[in-house]
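Below, each chain spelled out in residue letters.
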Amino acid sequence: MADNQKKLVVLTGAGISAESGISTFRDSGGLWEKHRVEDVASPSGFARDPRLVWRFYKARYLQSLEVEPNPGHYALVQIEEQLGGRFTLVTQNVDGLHYRAGSQRVFEMHGRLRTAFCTACNTKKDMSELDLELDIPICPNCRAAMRPDIVWFGEIPYYMYEIESALKDCSVLMVIGTSGAVYPAAGFVMTAKYMGARTICVNLDRPDNMIFVDEFHKGKAGEILPNLVEPLLNSLA
Ligand code: NAD
């Protein structure tokens, strides 16, 4: 691909899935489905009470199978269909709704609910292949405890090299439904802006990193994004 072609990076957070019926995290007072993040989203929480952590993620996984992508997810599929390799989608979400909507190239930087991996031998398995009746699912390979394939607080997000490269090379970064409070994702808008990109934000309220946003669209992603597809594609032509 010629290097002078305009490229788009999209970063999504919990807000894009809110209209599908999945609760966001900050909107419920810093709790995730009524749990403190230290308890359900940290390695020490898992070490302390793996049964609670597994109960939590099994419930999130089963919920993710029941909900459907919304017009916000589908608008991003439409954009990718037009831009092909000029489009990169990075998500902090673990619900898999971008894949279910049909997005092809998605970097799930915080992991995914639909897989788990072994705490001893690292074998990765689809949740559908595990016995979820067990309090703590076990590895079919070595019988050790499995853990959810989620990047917890204090762990290194996936695909950081690919994401940093895309951010440095994009002409537009669009950030959707994220509070701008969870790092390193919250720093992406600053990186892209300093590298010369135009930065767009679609959110219900002003994110914490608003000073790096050039263009702010206040409201629901599922209502705003379908109307942004055409002007965005025109600006990237
Ligand atoms: P967040 O909950 O911190 O922030 C969500 C943001 O979305 C808020 O600023 C809110 O105003 C906005 N918002 C709510 N509804 C919206 C809508 N309909 N349209 C547009 N914006 C809307 O989410 P975050 O910044 O993604 O950080 C939370 C962390 O917790 C993430 O790292 C993620 O891994 C995890 N999480 C994931 C899910 C999921 O996979 N769906 C859900 C909850 C939490």
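An account of the accompanying structure is given in this report. Just so it is clear, the structure is predicted and the values come from calculations on it, not from any experiment.

Reading guide: rules and limits
- Position numbers for residues start from 1 in each chain and track the written sequence from start to end.
- Note on the predicted model: pLDDT of at least 70 is required for a residue's local features to be given, and 80 or more for side-chain atom pairs to be given and counted; whole-chain, interface and lining totals, by contrast, use all residues.
- Excluding hydrogens and water, the side-chain figures rest on all heavy atoms present in the structure.
- The axes are straight lines fitted to the C-alpha atoms, using for helices just the contacting stretch, and the angles between their N-to-C directions are given from 0 to 180°.
- Under the scheme used here, helices are H or I runs from DSSP no shorter than 4 residues and strands are E runs no shorter than 2 residues, and both carry numbers assigned from the N terminus.
- Each angle gets one of four labels, with under 35 degrees taken as roughly parallel, over 145 as roughly antiparallel, 65 to 115 as roughly perpendicular, and the rest as oblique.
- The crossing is said to be left-handed when, going from far helix to near helix, the turn is anticlockwise and less than a right angle, and right-handed when the turn is clockwise.
- Contact between two residues is taken to exist if any of their heavy atoms lie within 4.5 Å; hydrogens are not considered.
- Three classes are used: nonpolar for Ala, Val, Leu, Ile, Met, Phe, Trp, Tyr, Cys and Pro, charged for Asp, Glu, Lys and Arg, and polar for all others, with Gly counted as polar.
- Disulfides are defined as pairs of cysteine sulfur atoms found within 2.5 Å of each other.
- Here the term buried applies to any residue with accessible area under 20% of the maximum for its type, exposed to any over 50%, and partly exposed to those in between, with areas from a 1.4 Å probe on protein chains only.

### A short note on the packing of helix α5 (residues 71-83) against helix α9 (residues 221-235)
- One way to put it is that α5 packs onto α9 with a least axis distance of 7 Å and a crossing angle of 15 degrees. Compared by their axis directions, α5 and α9 come out roughly parallel. The way α5 lies across α9 gives a crossing that is left-handed. On α9, the residues touching Pro 71, Gly 72, Ala 75, Gln 78, Ile 79, Gln 82 and Leu 83 of α5 are Ala 221, Gly 222, Leu 225, Pro 226, Val 229, Leu 232 and Leu 233.
- Class assignment for the residues of the contact of α5 with α9 results in 10 nonpolar, four polar and no charged.

### Thoughts on the state of the cysteines
- Inspection of the entire model under this criterion finds zero disulfides.
- Unpaired in terms of disulfides, Cys 170 finds its nearest cysteine sulfur in Cys 201, a separation of 15 Å.
- Taking the relative accessible area as the measure of exposure, Cys 170 reaches 7% and is therefore buried.

Note that every value here comes from positions in space, so none of it alone points to a role or purpose.
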